[in-house]
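Below, each chain spelled out in residue letters.
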Amino acid sequence: KQIQSFNEHLSIVNCVKFSSYHYHNHRRNVTCFSSNDKTIHFWDFKHNEQLQMFNGHTLCVYSIEFSPFNGGRYLCSGSEDKTIRLWNVETSKPLHVFNGHENSIECVDISPLQSNNSKMNNIGVIGGNGYTICSGSYDKTIRIWDIETTKQFNLFKGHTSVVRSVKYGSNELLNTILSGSDDKSVRLWDIRSDQQIQVFNGHTNIVCIGNSNVICSGSIDNTIRFWDIRSNKNELYMIKGDEKQDDGIMCLKFIVLKKKDKTKN
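Residues numbered from 1 in each chain as written. Predicted model: local features only at pLDDT ≥ 70, side-chain atom pairs only at ≥ 80, totals over all residues. Heavy atoms only, no water.

1. Let's talk about the layout of surface pockets
Of the voids in this model, the second largest pocket is the one considered here, and its volume is about 320 Å³. Around the second largest pocket, the lining comprises 16 residues; the ones closest to its centre are Ser111, Pro112, Gln114, Asn175 and Ile191. Classifying every residue of the lining of the second largest pocket gives seven nonpolar, eight polar and one charged. (1 Å grid on protein atoms, 1.4 Å probe; cavity = no way out; pocket = protein on both sides within 12 Å on 5 of 7 lines; lining within 4 Å. Points joined across faces, edges and corners; volume = space filled by probe spheres on them. Nonpolar A, V, L, I, M, F, W, Y, C, P; charged D, E, K, R; others polar.)

Pasting the structure below:
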């Protein structure tokens, strides 16, 4: 059942995320969404009130992502204005603007929490701690940015069309980037060697990716496919969507399930 709706927005909403920062620090149930009106809004859906609005982008804001460290204190956004912006959610202030893409930015991600960082829970800034931002663009490239210097230090070329989704790898896929594209492929990139590792073909339309111990991808072709990272081009499993629904799959998210106490596996 729908429990609440925010009807004051008159423009297209492109991306919506729950704000872990507001929940953990203020016990408020807040969603953050980006829009074609060039803004990013924070909405307390329990009390139905707008808390914050970020202005700075000059064109549509397509993608947003909270930092997986510092309790989601930082927000990254990608826009049609060809820039990526990093914001401090706590102060509502912009921190950096990243320039370099030659066309609109469709997707962004922030590197995972570094467990070996002893200052990770109390640092006030994220510069100097090795954290990076990844972005995918209409210019067919994937770029990685150093948050401290705001400089680009990786450029991945290989996709032959728009890059719709990028994701930092986890677990077995540390130091990698996953990407999905309008060229119908899923690709795996090695950050350290600056090289493409694998290409997974099989989808018949635009691809968006998710991430687990195996690679998972969804597509406009209305399928979800799982790929074995140890075997190039080897598709492990495919889930077909409802044939009555022909809009395809635009987004994937894994749900962490609580283990039962008596469960052995």
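2. Let's talk about the side chain of Ser181
Here Ser181 shows up in strand β14 (residues 176-181). You can call Ser181 buried: its relative accessible area is 0%. Looking at Ser181, its side chain comes within polar contact range of the main-chain nitrogen of Asp183, at 3.0 Å. (Helix = DSSP H or I, 4+ residues; strand = E, 2+ residues; numbered from the N terminus. Buried < 20%, exposed > 50% of the residue type's maximum accessible area, 1.4 Å probe, protein only. Polar contact = N/O pair within 3.5 Å; in protein donor to acceptor, adjacent residues only side chain to side chain.)

3. Quick notes on the environment of Arg164
The topology assignment puts Arg164 in strand β13 (residues 163-168). C-alpha separation for the pair Arg164 and Ser179, spaced 15 residues apart in sequence, amounts to 7.6 Å. Within the structure, Arg164 has its side chain in polar contact with the side chain of Glu106 (distance 2.9 Å). Looking at Arg164, its side chain comes within polar contact range of the side chain of Asp182, at 2.7 Å.

4. Remarks on the packing of aromatic side chains
Using the criterion set out here, one finds 11 aromatic pairs in the structure. Ring plane angle 70° and centroid distance 6.3 Å describe the contact between Phe42 and Phe66, whose orientation is recorded as edge-to-face. In this pair, Phe42 sits in strand β3 (residues 40-44) while Phe66 sits in strand β5 (residues 61-66), placing the two residues 24 residues apart along the sequence. In terms of burial, Phe42 and Phe66 fall into one category: buried. Summarising the aromatic geometry, the rings of Trp43 and Phe45 are spaced 6.1 Å apart at their centres and angled 55° between planes, so their arrangement reads as tilted. Accessibility classification places Trp43 together with Phe45 in one group, the buried group. (Phe/Tyr/Trp six-rings, centres within 6.5 Å; stacked < 30°, edge-to-face > 60°.)

5. Observations regarding the sheet that holds strand β12 (residues 152-157)
Spatially, the four strands line up as an open sheet ordered β9-β10-β11-β12, and their pairing is antiparallel. The open sheet has two free edges, formed respectively by β9 (105-110) and β12, since each of these has just one partner strand. Adjacent strand axes in the sheet meet at a mean angle of 20° when their direction is disregarded. (Pairing = 2+ DSSP bridges. Axes fitted to C-alpha atoms, helices over the stretch in contact; angles between N-to-C directions.)

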